[in-house]
Amino acid sequence: SRLKVTYDFREGHNAPFDDTGDAARERWYRFMARHRITPGILPSPKFALKDGKITMDTADFDRAAALCLDELGMNSFYSPWFFYAFGWARPPKRVLGAEPFTKDYTRNYTTCLKMFMDHLRTKGWDSKMTLYISDEPHFRHEHVRKQMIKLCEMIHAVEPDVPIYSSTWRYCPEWADHITVWGAGPHGSMPVETFQGRQAAGDRIWFTTDGHMCTDTPYCAIERVLPWLCWKYGAEAYEFWGLNWYTYDPWKFGW
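Model, not experiment: these values are computed from the prediction. (Residues numbered from 1 in each chain as written. Predicted model: local features only at pLDDT ≥ 70, side-chain atom pairs only at ≥ 80, totals over all residues. Heavy atoms only, no water.)

(A) Molecular detail of the overall build of the protein chain. Within the protein chain, the secondary structure is distributed over seven helices and 10 strands. Put simply, the protein chain has 255 residues, and 47% of those count as buried. For the protein chain, long-range pairs separated by at least 24 residues make up 64% of all intrachain contacts whose partners lie at least 6 apart in sequence. Within the structure as shown, the protein chain displays about 13,100 Å² of accessible surface, and the carbon and sulfur contribution to it stands at 53%. (Helix = DSSP H or I, 4+ residues; strand = E, 2+ residues; numbered from the N terminus. Buried < 20%, exposed > 50% of the residue type's maximum accessible area, 1.4 Å probe, protein only. Contact = heavy atoms within 4.5 Å. Areas by Shrake-Rupley, 256 points an atom, 1.4 Å probe, with all protein chains shown as cover.)

Here it is as structure tokens:
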């Protein structure tokens with residue numbers, strides 16, 4: 001129960017089921033809490049830019065966070081989707097209309113991040129948040145390696161202590177001291193001596209899983225040993241995509 005266990009919760013991709021809105025979301029959160037897992041991303045604050053001023057509306061986020069963190073006792077969550085920067089080999093997304101790495105982009109992103117972190121600190125939720133910056137970045141590409149460094153430097157310039165997570169699976173030496181929470185593949189794609197070296201440098205290790213877990217082969221799938229692997233290798237968490245990505249009715253098609 002000390003592990004951080006995130007089963008990525010997604011809304012809007014579950015056509016056979018009525019799982020949108022506050023009531024359905026609460027049912028999901030309570031289901032996850034009973035099984036000691038967390039949803040990862042909570043509803044994002046609403047940021048707006050008008051007449052040069054940025055505003056933040058946290059009403060939806062606060063309702064979800066109060067339920068998950070205060071009432072249900074969940075021990076971790078990702079930064080809202082607003083702060084997710086890029087996936088794979090894509091360029092960073094625009095922020096409040098600003099193109100990546102322009103002056104306006106840096107101002108918009110860092111202002112919103114600072115506002116949000118200050119809000120978390122007033123609520124006592126900041127220690128449970130990890131900033132999820134990128135999913136499976138293709139670091140064999142030079143432009144991906146460079147943009148990740150620029151993003152991490154931008155973030156740490158205003159929030160030096162915020163943990164930055166990416167599901168890299170493998171290790172990219174150029175990102176040492178930029179990413180501080182590494183999503184390592186539990187099947188050996190990041191050698192033990194590599195992530196132990198990052199742990200010695202003060203970084204944290206999570207195991208990231210995608211496609212390892214199967215409902216129809218429970219004795220072959222890796223989920224039964226993930227908690228033990230975390231204990232043995234000092235990983236503080238594991239995450240899985242995804243809890244409820246139902247593009248078809250699984251009870252009809254078995255997918």
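(B) A look at helix H2 (residues 59–71). With 13 residues, H2 ought to run about 18 Å at 1.5 Å a step, and its terminal C-alpha atoms sit 17 Å apart, in line with that. Considering bend angle alone, the principal kink of H2 is centred on Ala 65 and spans about 30°. Of all the residues in H2, the buried ones are Phe 61, Asp 62, Ala 64, Ala 65, Leu 67, Cys 68 and Leu 69. Along its buried surface, H2 packs onto helix H1 (22–34), strand E4 (77–78) and helix H3 (103–123). Gly 73 sits one or two positions beyond H2 and adopts a positive phi of about 75°. (Expected span 1.5 Å × (residues − 1). Bend = angle between axes of the 7 residues up to and from the residue.)

(C) Molecular detail of the side chain of His 178. When you line up the elements, His 178 lands in the loop between strand E7 (164–169) and strand E8 (181–184). For His 178, a relative accessible area of 15% gives the class buried. Apart from the residues within four sequence positions on either side, His 178 is in contact with Ile 149, Cys 152, Glu 153, His 156 and Ile 164.

(D) Spatial organisation of the packing of aromatic side chains. Taken as a whole, this structure holds 25 aromatic pairs when the rule is applied. Taken together, a centroid distance of 4.5 Å and an interplanar angle of 5° make the contact between Trp 81 and Tyr 84 stacked. For Tyr 84, a relative accessible area of 11% puts it in the buried group. An aromatic cluster of three or more residues is present, and its members are Phe 47, Phe 61, Phe 77, Phe 82, Phe 83, Phe 101, Tyr 105, Tyr 109, Phe 116 and Trp 125. The ring of Phe 101 carries Lys 150 above its face, with NZ or CZ at 4.1 Å from the centroid. (Phe/Tyr/Trp six-rings, centres within 6.5 Å; stacked < 30°, edge-to-face > 60°. Lys NZ or Arg CZ within 6 Å of the ring centre and 35° of its normal.)

(E) Main features of unusual backbone geometry. Backbone geometry places Glu 136, a non-glycine residue, at a positive phi of 45°. Positionally, Glu 136 belongs in the loop between strand E6 (129–135) and helix H4 (142–158). In this model, Asp 177 sits at a positive phi of 70°, which is unusual for a non-glycine residue. As for its position among the elements, Asp 177 is in the loop between E7 and E8.

(F) A look at the nonpolar core. Tyr 109, Ile 133, Ile 155, Trp 175 and Phe 207 are the most contacted members of the largest nonpolar core, which totals 62 residues. When neighbours within four sequence positions are excluded, Tyr 109 is seen to be in contact with Phe 83, Val 95, Leu 131, Met 154 and Ile 155. Core analysis: the second largest hydrophobic core is formed by eight residues, Ile 41, Tyr 78, Tyr 165 and Ala 237 among them. (Core = buried A, V, L, I, M, F, W, Y, C linked by side-chain atoms within 4.5 Å.)

(G) Structural view of a nonpolar patch on the surface. On the surface, Val 225, Trp 228 and Trp 231 cluster together into a nonpolar patch covering about 390 Å² of accessible area. One can find Val 225 in the loop between strand E9 (204–210) and helix H6 (226–233). (Patch = residues over 30% accessible without salt bridge, like charges linked within 9 Å, V, L, I, M, F, W, Y side chains within 5 Å. Salt bridge = Lys/Arg side-chain N within 4 Å of Asp/Glu carboxyl O.)

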